[in-house]
Amino acid sequence: AISPLSLARPPPAAPPAGPYAGLRAARRACRAACRREAAFLGGPGAAGPWEAALFGRVLQRADCLQHCLGLRLGVAPSAHRASHAVRRDFEQREPYNYLQVAFFQLKKLDRAVSAAHTFFVANPQHLQMREDIEKYRRMSGVKSDNFRDLEATPHWEAYEAGVQHYHADEYLRAVARLEESLTEALAALEECRALCEGPWEDEEEEEEEEMQPGLYEAIAGTHYIQVLKCRQQCVLEIATKPGRVSATEDFIPSHLDLLQFAYDQVGNQALAAECAASYLLFYPTDEPMLEKMKEYRTELGEDTAFTARESIQHYVQRSLMEKKLIYYAVEHLGGTFNDPDLWTPDELIPENLKEKHSLLMPIRACFSTGPLPFEGIAVTMDSRRMNGTQRVVFDRVLTESECKDLLRLTKAAGEAGDGYRARRSPHTPHERFEGLTVLRAVQLAQNGDVDWRDAKLLLQASEKSRKIIESYFTPGKKLHFSFTHLVCRTAVDEEQEGRMDLSHPVHADNCLLDPEGQECWREPPAYVYRDYSGILYLNDDFQGGGLFFTEMDTVTVTAEVHPKCGRLVAFSSGKENPHGVWAVSRGRRCAIALWYTHSQEHAEQVKDDAGEMDISTSEVDQIPPRNARATSRRQKPGSDRTQHPKELRVRDEF
Ligand SMILES: O=C(O)CCC(=O)C(=O)O
Ligand SMILES: [Fe+3]
């Protein structure tokens with residue numbers, strides 16, 4: 001627990017800097033000052049053997065840092081060593097939770113509101129604070145600008161605004177905000193890296209080495225490599241939105257990708273080319289970007305220099321150098337390295353570490369048991385990476401064009417009317433909700449309301465997911481479909497301002513969660529026979545809508561999954577996997593939700609005149625269209641027709 005005494009003290013610096021920001025600022029300033037004072041570059045005049053010279057500087061710098069921090073913070077040199085637990089509390093903005101209460105009691109409403117807001121930004125899953133904030137909003141003395149984030153991360157604000165403008169085709173504004181975000185992100189990265197030089201205390205993740213290391217091993221392995229690893233992890237820190245647990249993939253490269261397109265749109269080809277060249281530093285063989293570069297060469301003339309930005313060159317070179325050192329150390333001195341980047345070139349990773357390094361390996365490598373169901377699918381996150389049990393994320397389960405076809409199916413089904421209409425979400429008034437079952441899709445195809453091939457694709461995608469999940473979690477033990485539907489959640493325009501709720505509240509799929517009792521009751525109305533859950537995502541062009549997992553308390557977020565086309569998340573349906581969906585605040589989020597059961601009795605069924613069959617065993621290819629209209633809509637010449645005019649009836653089952 002945190003002592004309220006030390007928390008109630010007003011922030012030392014002027015707002016917006018919070019108390020923790022003060023400690024960080026002091027460290028940053030000291031690091032800069034001490035670098036100047038005890039510069040490592042001895043120059044030609046530096047006397048003595050290199051060793052003495054080097055360690056002399058090292059000691060000097062250490063001494064300088066200690067004193068500087070002591071002076072700046074007005075405390076004994078040891079007092080700037082925040083323990084791991086304290087650091088974590090500050091990172092999670094825990095003190096603001098207490099501050100909020102204290103200011104409220106002191107009747108300082110504006111400060112209570114900003115403290116509450118600051119806490120909530122980093123803890124959007126905190127249901128109590130959610131309610132408190134809603135109360136504050138209704139209070140007459142509270143102004144909207146009281147909702148200020150005292151620990152705001154400027155790059156995230158700019159990034160989100162930039163991406164919003166980008167999606168609204170406002171490219172000039174997008175460029176301005178994304179440039180700002182990139183600059184701020186690189187600055188935040190430097191700050192984070194500077195903090196890596198601080199003292200180290202009980203880093204839980206690192207395994208203790210039994211053996212006493214020698215002098216150089218100690219210097220190289222125990223601290224220097226730790227510092228390098230820490231610096232490398234900084235990219236994850238800046239790429240993680242406050243209140244989220246996982247980082248946005250490729251955060252820095254994606255800036256350049258977006259900027260490249262936006263500059264191109266506003267007619268600034270020179271800057272677009274510079275961004276393209278910068279992006280290629282991360283992914284030198286990226287086909288679309290190389291294509292773009294070719295176009296820029298033709299447009300701007302061969303003699304224009306197409307060079308990447310200096311800041312990005314510096315960033316990539318430095319990162320590569322650090323990675324090389326770390327990989328060398330890991331290979332020869334032991335230890336582990338979780339490379340935070342997807343762009344690390346393959347040749348840089350030592351052969352024997354490759355498998356460990358990347359989870360983006362073919363699914364084949366993961367199973368010695370089940371047979372390989374499909375080629376080309378990747379396991380992007382496993383239970384360990386998702387801080388839980390029986391959780392996994394696969395990528396590339398669908399291609400872009402398959403996602404498009406399935407999205408078209410949702411549109412066509414919506415237009416067919418006939419009982420299938422978007423309605424208010426059962427979970428929130430701020431979203432509409434459409435659900436199309438596989439069986440309903442088959443019906444609509446038979447009536448000619450949707451394209452037959454799209455309906456078939458829905459069946460195929462469901463079956464493919466089933467096979468993947470079965471072979472991953474329960475090889476050799478049959479999983480049946482229990483219920484399948486294609487769900488779209490659409491943000492209702494104009495109703496998003498100050499929205500506090502979730503798209504889907506935290507729940508478990510086969511039991512009734514009772515967070516107070518830390519229990520989950522496996523009894524109706526829960527779908528108790530569900531054993532595994534899968535969600536196959538179709539798009540990412542919306543805002544919000546991330547899936548997250550929590551502890552049994554329903555408020556401690558342990559993992560997050562960002563939907564995108566072809567990404568399949570799967571997990572066991574029980575109390576070990578409470579999950580929810582963040583508010584969809586803009587656009588439409590579509591996914592195929594799949595539940596599976598081991599119980600034959602609860603299998604989802606298609607009924608035809610030959611009898612009932614489990615849809616997982618039904619021959620998808622054998623299900624024919626019932627009338628010609630279904631296929632005449634957009635039939636291509638030469639497309640094959642099945643010749644089984646069997647009557648097919650379907651039964652929706654919940
Ligand atoms: O759409 C998602 O990501 C999750 C939905 C979900 O958990 C559910 O429908 O039970
Ligand atoms: Fe669920």
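Residues numbered from 1 in each chain as written. Chains lettered and ligands numbered in written order. Predicted model: local features only at pLDDT ≥ 70, side-chain atom pairs only at ≥ 80, totals over all residues. Heavy atoms only, no water.

This next bit is on the sheet that holds strand β12 (residues 547-550). One open sheet holds the four strands; their spatial order is β7-β15-β12-β13, and the pairing between them is antiparallel. Each edge of the open sheet is held by one strand with a lone partner, namely β7 (504-507) and β13 (557-561). On average, each strand axis in the sheet is inclined to that of its neighbour by 20°, with strand direction left out of account. Sheet topology note: the β12/strand β15 (residues 579-581) ladder contains three bridges and is antiparallel. Paired with Phe548 across the bridge in β15 is Gly580. (Pairing = 2+ DSSP bridges. Helix = DSSP H or I, 4+ residues; strand = E, 2+ residues; numbered from the N terminus. Axes fitted to C-alpha atoms, helices over the stretch in contact; angles between N-to-C directions.)

What follows covers the confidence of the model for the protein. Mean pLDDT for the protein: 77, with 75% of residues reaching 70 or above. Per-element confidence in the protein ranges from a low mean pLDDT of 29 for strand β19 (residues 648-650) to a high of 97 for strand β10 (residues 532-537). Note that pLDDT drops below 50 for residues 1-17; the model gives that stretch 16 contacts with residues more than four away or on any other chain. Both scores are available for the predicted complex, with the pTM at 0.53 and the ipTM at 0.99. (pLDDT = per-residue confidence, 0-100. Contact = heavy atoms within 4.5 Å.)

On to the pairing of strand β16 (residues 584-597), then. Side-chain positions along a regular strand alternate between the two faces of the sheet. Among the 14 residues in β16, eleven count as buried, and that is most of the element. Strand direction decides the pairing type here: β10 and β16, joined by six bridges, are antiparallel. Note on β16: the bridge partner recorded for Leu536 is Ile592. Across three bridges, the pairing between strand β11 (residues 542-544) and β16 is antiparallel. For Phe542, the partnering residue across the bridge sits in β16 and is Gly587. (Buried < 20%, exposed > 50% of the residue type's maximum accessible area, 1.4 Å probe, protein only.)

On to the environment of Val569, then. Following the sequence through the fold, Val569 ends up in strand β14 (residues 568-572). Given the relative accessible area of 0%, Val569 is considered buried. When the C-alpha positions of Val569 and Gly534 are compared, they lie 5.6 Å apart, and in sequence the two are 35 residues distant. With residues up to four places along the chain from it excluded, the contact list for Val569 reads Met386, Val392, Val393, Ser533, Gly534, Ile535, Tyr537, Leu547, Phe549 and Val561.

We now examine helix α7 (residues 127-138). If you check α7, its first and last C-alpha atoms are 17 Å apart, about what twelve residues at 1.5 Å a residue would give, namely 16 Å. Where the residues of α7 are buried, they touch α5 (94-105) and α6 (109-122). (Expected span 1.5 Å × (residues − 1).)

This part takes up the coordination of the iron ion (ligand 2). Every protein donor of the iron ion (ligand 2) is listed here as His507 (NE2), Asp509 (OD) and His579 (NE2), and their distances to the metal cover 2.0 to 2.2 Å. Binding-site remark: the iron ion (ligand 2) is held by donors from one chain whose sequence spacing is H-x1-D-x69-H. Judged by relative accessible area, which is 19%, His507 ranks as buried. Classification of Asp509 by relative accessible area gives buried; the value is 7%. (Donors = N, O, S within 2.8 Å, 3.2 Å for Na, K, Ca; no water.)

In the vicinity of ligand 1, the contacting residues are Arg489, His504, His507, Asp509, Ile535, Tyr537, Leu547, His579, Val581, Arg589 and Trp595. Between an oxygen atom of ligand 1 and a side-chain N or O atom of His507, the distance comes to 3.0 Å. Here His579 contributes a side-chain N or O atom positioned 2.8 Å from an oxygen atom of ligand 1. Within the complex, 92% of the 290 Å² of free accessible area of ligand 1 lies under protein. Listing elements by their share of the shell around ligand 1, those giving two or more residues are β7, β10, β15 and β16. Residue classes in the shell around ligand 1 are distributed as five nonpolar, three polar and three charged. (Near = heavy atom within 4 Å. Polar contact = N/O pair within 3.5 Å; in protein donor to acceptor, adjacent residues only side chain to side chain. Areas by Shrake-Rupley, 256 points an atom, 1.4 Å probe, with all protein chains shown as cover. Nonpolar A, V, L, I, M, F, W, Y, C, P; charged D, E, K, R; others polar.)

Here we come to the pattern of salt bridges. In this structure the tally under the stated criterion is 24 salt bridges. Where Glu463 meets Arg466, a salt bridge forms, and the shortest distance between an N and an O atom there is 3.0 Å. Residue Glu463 and its partner Arg466 are located together in helix α18 (residues 452-473), separated by three residues, close to a single helical turn. On the basis of relative accessible area, Glu463 is assigned to the buried category, the value being 12%. When its relative accessible area of 4% is taken as the criterion, Arg466 is described as buried. A single salt-bridge network, built from bridges that share partners, covers Glu463, Arg466, Lys467 and Glu470. (Salt bridge = Lys/Arg side-chain N within 4 Å of Asp/Glu carboxyl O.)

The biggest cluster of nonpolar side chains holds 44 residues, and the ones touching the most others in it are Ile252, Phe282, Ile312 and Tyr315. For this core, the secondary structure elements donating two or more residues are α8 (154-167), α9 (171-195), α10 (215-238), α11 (251-265), α12 (269-282), α13 (287-300) and α14 (310-333). No other element matches the nine residues that α9 contributes to this core. Among all residues touching Tyr315, those that are not within four sequence positions of it are Leu186, Leu189, Val235, Ile252, Phe282 and Trp343. Ile469, Phe481, Cys488 and Ala570 belong to the second largest nonpolar core, which has 43 residues in total. (Core = buried A, V, L, I, M, F, W, Y, C linked by side-chain atoms within 4.5 Å.)

Another aspect to go through is the UniProt feature "coiled-coil region" (unreviewed entry) in the protein. According to UniProt, the positions carrying the feature "coiled-coil region" (unreviewed entry) are residues 168-195. Structurally, residues 168-195 is divided into 89% helix and 0% strand, and its ends, taken at the C-alpha atoms, are 37 Å apart. (UniProt positions renumbered as here; feature names shortened; annotations may be inferred.)

Turning to the state of the cysteines, a few remarks are in order. Under the definition given, this model contains four disulfides. There is a disulfide in this structure between Cys192 and Cys234, and the S-S distance comes to 1.9 Å. Across the S-S bond linking Cys192 and Cys234, the dihedral sits near -85°, which makes this disulfide left-handed. With a gap of 42 residues between them, Cys192 in helix α9 and Cys234 in helix α10 connect regions that are remote in the sequence. A disulfide bridge connects Cys488 with Cys590, and the sulfur atoms are separated by 2.2 Å. (Disulfide = S-S within 2.5 Å.)

Let's shift gears to the pairing of β13. By the criterion of burial, β13 is predominantly enclosed, with five of the five residues buried. Note: β12 against β13, four bridges, orientation antiparallel. Each bridged residue has a counterpart across the sheet, and for Leu547 the counterpart in β13 is Val561. Here β12 folds back onto β13 in antiparallel fashion, the turn holding six residues, of which Thr554 has a positive phi close to 65°.

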